[in-house]
Amino acid sequence: MHFLIRSVIVIAFLFVVSSFDNRSFAQAPKAQEASADTLNPIQSLVSFATRHLHIPYRSGGSSKRGFDCSGFVRYCFNQWNIVLPHSSAAQAEHGETVALDDAKPGDLIFFKGNSTKSKRVGHVGIITEVAPGYVKFIHSAWKGGIRYDLLNAAYYSKRFVAIKRMIE
């Protein structure tokens, strides 16, 4: 009986070890890496930004320990060697202005700060999805840190200022 149990254990062990030597098993991760390489720069930027969801808000923050809105945008664009200032108002001075109807993922979306009466840019995010009447963006918010929001939400629609394209 002990011989039978030992034989089953040895056979199972050999099966597991041999599966690691199987060429198709060894090549599976490379196929996933290749698909990631096929992303265009905009898709890569949006994917990179999304990997930072739920990192907390930190005033003046520009690292994974915490981001403010412009620090997050600057951090993401820096991965593609696009250097932006650490201020949403200063970032709004860069790029090409784009009409809302022509917005695309990867574009920056700018908002007034706390006051809807102000004309000064005080907040920025990265557009992740666009459809007719629908703009979704990722940003670092005082409440919630890195998260998604929609332009048609009352808070943001009242404060919308502009869209700028940094990557063609």
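Definitions and cut-offs
- Residues numbered from 1 in each chain as written.
- Predicted model: local features only at pLDDT ≥ 70, side-chain atom pairs only at ≥ 80, totals over all residues.
- Heavy atoms only, no water.
- Core = buried A, V, L, I, M, F, W, Y, C linked by side-chain atoms within 4.5 Å.
- Buried < 20%, exposed > 50% of the residue type's maximum accessible area, 1.4 Å probe, protein only.
- Helix = DSSP H or I, 4+ residues; strand = E, 2+ residues; numbered from the N terminus.
- Contact = heavy atoms within 4.5 Å.
- Phe/Tyr/Trp six-rings, centres within 6.5 Å; stacked < 30°, edge-to-face > 60°.
- Lys NZ or Arg CZ within 6 Å of the ring centre and 35° of its normal.
- Pairing = 2+ DSSP bridges.
- Axes fitted to C-alpha atoms, helices over the stretch in contact; angles between N-to-C directions.

> Can you break down the nonpolar core residue by residue, with the values?
Counting 24 residues, the largest nonpolar core has Phe-72, Val-73, Cys-76, Phe-77, Leu-108 and Ile-126 as the members making the most contacts within it. Breaking this core down by element, the ones donating at least two residues are helix H3 (41-50), helix H4 (69-78), strand E4 (108-112) and strand E5 (121-131). Broken down by element, the residue count for this core peaks at six residues, all from H4. Beyond its immediate sequence surroundings of up to four residues, Phe-77 is in contact with Leu-45, Ile-82, Leu-84, Gly-106, Leu-108, Ile-126, Met-166 and Ile-167. Ranked by size, the runner-up nonpolar core spans ten residues in total, among them Val-98, Phe-111, Leu-151 and Tyr-156.

> Lay out the packing of aromatic side chains with the relevant residues and their values.
Under the definition given, this model contains nine aromatic pairs. Each residue in the set Phe-48, Phe-67, Phe-72, Tyr-75 and Trp-80 is aromatic and connected to the rest through ring pairs, giving one cluster. One cation-aromatic arrangement involves Lys-136 over Tyr-148; the distance from NZ or CZ to the ring centre is 4.1 Å. Sitting over the face of the ring of Tyr-155, Arg-159 holds its NZ or CZ atom 3.9 Å from the ring centroid.

> Account for the sheet that holds strand E6 (residues 134-141), with residues named and values stated.
Across the sheet, which stays open at both edges, the six strands sit in the order E3-E8-E4-E5-E6-E7 with antiparallel pairing between neighbours. Unpaired on one side and paired on the other, strand E3 (96-98) and strand E7 (145-150) mark the two borders of the sheet. Within this sheet the neighbouring strands show an average axis-to-axis angle of 35 degrees, counted without direction. Two strands pair when backbone bridges link them, and E4 and E5 are joined in this way by five bridges, in the antiparallel orientation. For Ile-109, the partnering residue across the bridge sits in E5 and is Gly-125. H3 rests against E5, E6 and E7 of the sheet, and its axis sits at about 115 degrees to E5. Lying on the sheet, H4 is in contact with E4, E5, E6 and E7; it crosses E5 at an angle near 55 degrees.

The analysis is restricted to geometry; functional conclusions fall outside its scope.
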